[in-house]
Every structure is written in C-alpha cells, then in structure tokens.
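# Residue-level structural notes
In case you want the letters, here they are:
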Amino acid sequence: MDRIELLRPADWHLHVRQGEAMRAVVPASAAVFAQALVMPNLKPPVTTTAAALAYREEILAAARAAGGRAASFVPWMTLYLTEATAPQEIDRAVDSGAVLAAKLYPAGATTNSDAGVRRIERIYPVLERMQQRGLVLCVHGEVVDPEVDIFDREAVFVEGVLAPLVARFPGLKVVLEHVTTAEGVAFVREAPETVAATLTAHHLRYERNAMLAGGIRPHFYCLPILKRERHRRALVEAATSGSPKFFLGTDSAPHPRGAKESACGCAGCYTAPLALPLYAEVFEAAGALDRLEGFASRFGARFYGVAESTERIALVRRPWTVPAAVPLGEGEEVVPLRAGETMGWVVE
Ligand code: NCD
Ligand code: ZN
C-alpha cells in the first residue's frame, strides 16, 4: 500500500503557545488536522472561559491566515483547573460551546503547571459540576512526590489518584493524557466507558534508549518521560487494538532551541510537522494501517461528542526530510523531533 486515505484527523492534545510562537506553529497542525484540543498551560494559564475564547480567536486568525486546508481548522479549548476554579466557570465553559474540557495538572508535574492542583479534594465541587454538565476532565497523570522515581510517576498516579477519582465520580468523562505505561493502558482498558486515553506519536515510536543511550538527546525529553520498551509495546497494542478508548493526541509541545539544549532542558517534544507520518510509521510496523483512521479521525470526536471531519486526506509513501529547525517567532527556532531524518510517509 503506497497511498492511504483517511478522514481528516483530529489532535486531542496540542500545545500551540501564544503570540508569535503561536502564529508560527498553528499552521503545521492546522494544515493536517481538522480539529484539535488546545492545552491551557500558558503564562498566565487559561483559567477562565473568557480567556479561552479570546485565545481561540487568536488561533483561528492564525489558521485562517495560513490558508488552504488550515483555514477550516477548528480549535477546541481547555480550561486550566486551579484550586480556585469556581463551579460557575464550568457552566460558562459548557455554555460557550467552544470549551470541551478542563485540565488537571498536579502542581509541579510539567511545563507551566505551578498554578495546578495540590490537593485534589479542593476541586471536588468543580469535578461534581463537570460530571453534571458533561465537561471532560483531561488529566496529566503523574504524581509529583519527589520520592517517587520519575519512571514510576504515572503508574503511582494511576493507582493512587486516578482509580479513586474514577470510582468517586462514575459519571465524569476522563482522559488520561499521553499515557506512557502498561499500567496506564491496562487501567483505561478495564475502566468504564467514561475513561479514555490519548497516545502521542513519540511515545508509540520511541523508548527511553532514544533519549539516553549513546548520548543525552534533549529533544526526546518530555513528560511523562519515555519509558522502557515493554511499555512502548503496550502502547502500540492499545493504539492499534481498534478500541475507541484510545485516540490520537500528539502533545506537540514546542520550546525554543536554547530552552531544550541546556544544562536543565525543559520538557516537551515538537512533533506537529511530522505527527501523522510518524503515527503511520508506527501503525505500519504493527501491520495495522487499516486501524489508523479510527484512532486518528473517529474515536476522539466520538468521545468528545463532536462531529468527525467529512474531508479526506491522503498519506502517500514518499520520503521527505524533517527540517533541522523551524522558526518559532521572535528570532527563536524550534527543533522538531526527528530533525534532519527521513520520514517514509507524507500528507497530501
Ligand atoms: C508540555 C509542554 O511543554 O507544555 N510538555 C511535555 O513534556 N509534554 C506539557 C505537558 O503536556 O506535560
Ligand atoms: Zn501536553
């Protein structure tokens, strides 16, 4: 098979930053994906519906300016939950029709998560309202306890925080974002229908050797951190299983080169320009290209209760080289994953 057609896909976990950086990176996602769920970890975080709607207008303007397929890109918004979020804010979010989720960042778990949640009990009234109103809870599933090894933080979170949360709010729709472990996958698979997970292309394609063997490669550093091969295999099995609980979320997270190539490099992999070809590479290696469309274009929309795209796009087998770097505005550049390397599929 040298050409596959699929419904135009959706990215259910995307960082597009703000200002010039946003205008620089939106076109790469919008040119391929019909819709995306935009993450709220800006400075300051997007904690209100009003801020989310203003941010959405900026993203829409950037997509329209790019033209072509990007002009019809639909950004869906996410609220950043803090311990001060009021249940009324959930009502405003749902009533806006443009906010599909609220995000739980355990404080300190990842990039710009300092304003996140320290004690989960403090957001129970908000979760109650989300359950009533049908607003999806997106979860960064890692504990922040410094005594827990960084490679174990997801599994400890799933058992100690997520499982009790799902039991306490049985009607709440929950997405375990960027699941990276066999334990996370098993939990989602066995959980009720209200629970789903996104999978990134980089966690499906790489295990931790890519980041650490033969030299330390900061552009592979993200959170949750890449795990060992046994976990990667569990992720591929989930993504290619045909289960509607597992769908595409790139977690494409651009940072300026200098912030990554540093003595204390920050977390996040920029994958937007190569995301769909990278997923295709993984599905092909698993002999499951026929299951890519469900994963990439259908299951997420179904979970979020929005329409899937009616447009079609094609993936064509043709080699191309990922650029060494792409502009990020304000004189900065971002190094994409696989920079300078060849991809076997191209989006047409
Ligand atoms: C993300 C970012 O840079 O915003 N970083 C990452 O490593 N994934 C935040 C996140 O989703 O954790
Ligand atoms: Zn993310």
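Our structure's up above, just so we're on the same page.
Cut-off values and rules
Residues numbered from 1 in each chain as written. Chains lettered and ligands numbered in written order. Predicted model: local features only at pLDDT ≥ 70, side-chain atom pairs only at ≥ 80, totals over all residues. Heavy atoms only, no water. Salt bridge = Lys/Arg side-chain N within 4 Å of Asp/Glu carboxyl O. Helix = DSSP H or I, 4+ residues; strand = E, 2+ residues; numbered from the N terminus. Buried < 20%, exposed > 50% of the residue type's maximum accessible area, 1.4 Å probe, protein only. Near = heavy atom within 4 Å. Polar contact = N/O pair within 3.5 Å; in protein donor to acceptor, adjacent residues only side chain to side chain. Areas by Shrake-Rupley, 256 points an atom, 1.4 Å probe, with all protein chains shown as cover. Core = buried A, V, L, I, M, F, W, Y, C linked by side-chain atoms within 4.5 Å. Contact = heavy atoms within 4.5 Å. Phe/Tyr/Trp six-rings, centres within 6.5 Å; stacked < 30°, edge-to-face > 60°. Donors = N, O, S within 2.8 Å, 3.2 Å for Na, K, Ca; no water. Tetrahedral: all angles 85-135°; square planar, octahedral: opposite > 155°, others 65-115°. Pairing = 2+ DSSP bridges. Axes fitted to C-alpha atoms, helices over the stretch in contact; angles between N-to-C directions.

Our next topic: the pattern of salt bridges. Scanning all chains against the criterion turns up 23 salt bridges. Here Glu83 and Arg122 are joined by a salt bridge, their closest N and O atoms 2.6 Å apart. Of the two residues, Glu83 sits in the loop between strand E4 (74-80) and helix H3 (87-96) while Arg122 sits in the loop between strand E5 (99-104) and helix H4 (124-133), which places them 39 residues apart along the sequence. Classification of Arg122 by relative accessible area gives partly exposed; the value is 43%. One salt bridge connects Glu121 with Arg119, and the closest N-O pair in it is separated by 3.1 Å. You can call Arg119 partly exposed: its relative accessible area is 44%. The structure contains a network of salt bridges with shared partners spanning Arg3, Glu5, Arg312, Arg318 and Glu348.

As a structural note, the neighbourhood of ligand 1 is formed by 15 residues, with Asn41, Thr110, Leu223, Asp251 and His255 the closest of them. Here an oxygen atom of ligand 1 sits 2.6 Å away from a polar atom, N or O, in the side chain of Thr110. Contact between ligand 1 and Ala267: an oxygen atom at 3.1 Å from a main-chain N or O atom of the residue. Relative to its unbound accessible area of 320 Å², ligand 1 is 100% covered by the protein chains.

Turning our attention to the nonpolar core. Within soluble globular proteins, side chains that are nonpolar generally end up buried alongside one another. Counting residues in each nonpolar core, the largest one holds 98 residues, and the members touching the most others are Met130, Leu137, Leu162 and Leu292. If you tally residues by element for this core, the top one is helix H11 (residues 275-285), at 7 residues. Setting aside residues up to four positions removed in sequence, Leu137 forms contacts with Leu81, Ala102, Leu104, Leu127, Met130, Leu165, Leu172, Lys173, Val174 and Val175. With 19 residues, the next largest nonpolar core counts Ala10, Val175, Ala301 and Tyr304 among its residues.

Under the definition given, this model contains 9 aromatic pairs. When the ring of Tyr80 is compared with that of Tyr105, the centres are 5.0 Å apart and the planes differ by 35 degrees; the resulting orientation is tilted. With Tyr80 in strand E4 and Tyr105 in the loop between E5 and H4, this pair connects stretches of sequence that are 25 residues apart. For the pair formed by Tyr80 and Tyr105, the shared burial category is buried. On the basis of an interplanar angle of 65 degrees and a centroid distance of 5.5 Å, the ring pair of Tyr124 and Phe169 is categorised as edge-to-face.

Once that is clear, we can look at unusual backbone geometry. Note the cis peptide between Lys43 and Pro44, where omega equals -5 degrees. Inspection of the secondary structure puts Pro44 in the loop between strand E3 (35-38) and helix H2 (49-66). The omega torsion of the bond from Leu223 to Pro224 falls at -5 degrees, within 30 degrees of zero and hence cis. Positive phi outside glycine occurs at Arg17, with the angle close to 60 degrees. The topology assignment puts Arg17 in the loop between strand E2 (10-14) and helix H1 (19-30). What makes Arg17 buried here is its relative accessible area of 13%.

What follows is about the coordination of the zinc ion (ligand 2). Surrounding the zinc ion (ligand 2) are the protein donor atoms His13 (NE2), His15 (NE2) and Asp251 (OD), which sit 2.0 Å from the metal. Taken together, the 4 donor atoms coordinating the zinc ion (ligand 2) and their angles of 92 to 134 degrees define a geometry best described as tetrahedral. Considered as a linear motif, the donors of the zinc ion (ligand 2) on their single chain read H-x1-H-x235-D. With His13 in strand E2 and Asp251 in the loop between strand E9 (246-248) and helix H10 (257-260), the pair connects residues that are 238 residues apart, well separated along the chain.

Mapped onto the elements, Thr198 comes out in strand E8 (residues 195-199). Residue class for Thr198 comes out buried when judged on its relative accessible area of 0%. With residues near it in sequence (within four places) discarded, Thr198 still touches Trp12, His13, Val175, Leu176, Glu177, His178, Val179, Phe247, Leu248 and Gly249.

Before going further, it helps to spend a moment on the sheet that holds strand E13 (residues 342-347). Taken together, the 3 strands give an open sheet; going across it, the order is E1-E10-E13, and neighbouring strands pair in antiparallel fashion. Looking at which strands have only one partner, the edges of the open sheet turn out to be strand E1 (3-7) and E13. Taking each pair of neighbouring strands and ignoring which way they run, the sheet shows an average axis angle of 35 degrees. Here 5 bridges tie strand E10 (residues 312-321) to E13, and the two strands are oriented antiparallel to one another. Among the inter-strand pairings, Trp320 is bridged to a residue of E13, identified as Met343. Sitting on the sheet, H11 is in contact with E10 and E13, with an inclination near 110 degrees to E13. Together, E1 and E10 form the strand contacts of helix H12 (residues 292-304), whose direction differs from that of E1 by roughly 30 degrees.

As far as function goes, none of this settles anything; it's purely spatial.
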